[in-house]
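Okay, here's what each chain looks like letter by letter:
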Amino acid sequence: MLIRHQGTNTIETMRLVLRRFKLEDAEDMFYNWASDPEVCKFLLWGPHNEVEVTRKRIKNWISNYEMNNSYVWAIELKGRNMVVGSISVEITNDSSMTCEVGYCIGKLYWSRGIMTEALRAILHYLFYEIGYQRILAKHDILNVASGRVMQKAGMHFIKFEYHVGLRRDGSYYDLAVYMKNYTDE
Ligand SMILES: CC(C)(COP(=O)(O)OP(=O)(O)OC[C@H]1O[C@@H](n2cnc3c(N)ncnc32)[C@H](O)[C@@H]1OP(=O)(O)O)[C@@H](O)C(=O)NCCC(=O)NCCS
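First, a word on what this report is: a plain description of the structure on this page.

Reading guide: rules and limits
Residues numbered from 1 in each chain as written. Predicted model: local features only at pLDDT ≥ 70, side-chain atom pairs only at ≥ 80, totals over all residues. Helix = DSSP H or I, 4+ residues; strand = E, 2+ residues; numbered from the N terminus. Buried ≥ 20, exposed ≤ 12 C-beta atoms within 10 Å, placed from the backbone. Pairing = 2+ DSSP bridges. Expected span 1.5 Å × (residues − 1).

Our focus in this paragraph is unusual backbone geometry. Residue Pro47 is reached from Gly46 by a cis peptide bond, and omega for that bond is -5 degrees. Relative to the helices and strands, Pro47 resides in the loop between helix H2 (37-40) and helix H3 (51-64). Of note in the backbone geometry, Met97 takes a positive phi value of approximately 55 degrees without being a glycine. Tracing the backbone through its elements, the reader meets Met97 in the loop between strand E4 (83-93) and strand E5 (98-105). Note on Met97: 17 C-beta atoms within 10 Å, which makes it partly exposed.

Time to look at the pairing of strand E3 (residues 72-77). It is a general feature of regular strands that their side chains alternate between the two faces of the sheet. In terms of burial, E3 is largely enclosed, as five of its six residues are buried. Where strand E2 (residues 16-20) lies against E3, five bridges are found, and the strand directions are antiparallel. Bridge pairing in E3 links Val17 to Glu76. Taking the residues that link successive antiparallel strands as the turn, the E3-E4 hairpin has five residues, and the phi of Gly79 there is positive, at about 80 degrees.

On to the sheet that holds E5, then. Read across the open sheet, the eight strands follow the order E1-E2-E3-E4-E5-E6-E8-E7; overall the sheet is mixed. Unpaired on one side and paired on the other, strand E1 (11-12) and strand E7 (156-166) mark the two borders of the sheet. Pairing of strand E6 (residues 134-140) with strand E8 (residues 172-181), which is carried by seven bridges, proceeds in the antiparallel orientation. In the sheet register, His139 faces E8, and the bridge partner there is Ala176.

Turning our eyes to something else, we now look at helix H4 (residues 114-130). In a regular helix each residue adds 1.5 Å, so 17 residues correspond to 24 Å; H4 covers 23 Å between its end C-alpha atoms and thus fits that length. Those residues of H4 not exposed but buried are Ile114, Met115, Ala118, Leu119, Ala121, Ile122, Leu123, Leu126 and Ile130. Positive phi shows up at Gly131, right after H4, with a value of about 105 degrees.

Laid out in structure tokens, this is it:
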């Protein structure tokens, strides 16, 4: 089997539309999650201090959409013309048919099963449409909610990675690594 890149195509689930970012999403992204220190607590980026930073980030994603191996979805709730989060492929290793995904969503929308629904949908897309054989996701061990999302999407824990880097508060973080195989689907 080969990887057949198709880029960030729109995916619909029961409650969500996963679609490409548009420049007009900058305000919603900034106010819903990118400027929130709590959302960014376990992330390597952010929080953005002004909407222009968010706009630049989106511009960059939009230009990357021209390459068909770029996967960054805006998460929109059906019937509401607003993005509430994002889900993306962070790292690819096509020669080993493996990629790694990451995600975040605004605090107002936490614990409604939204990210689990989004993750299930993109895992399906990356396995069946693109041809990846293994998909990884990693979370700071203190970020228990993110681990729950991985478990609920059918990923299984494989290992811890210790002392990977420094959190913003100067403490070292350890990662829990999860994986799902094509054959687990
Ligand atoms: C992690 C995150 C993506 C979860 O998104 P979500 O849409 O709230 O996820 P879901 O509702 O699908 O599932 C969350 C699960 O975690 C549980 N949970 C939430 N907060 C928790 C906490 N502090 N401790 C333990 N479990 C927690 C919820 O109860 C739910 O599990 P359940 O369905 O078994 O009850 C969201 O909190 C977020 O964006 N956080 C900030 C960014 C981030 O950390 N991204 C991931 C980086 S690895």
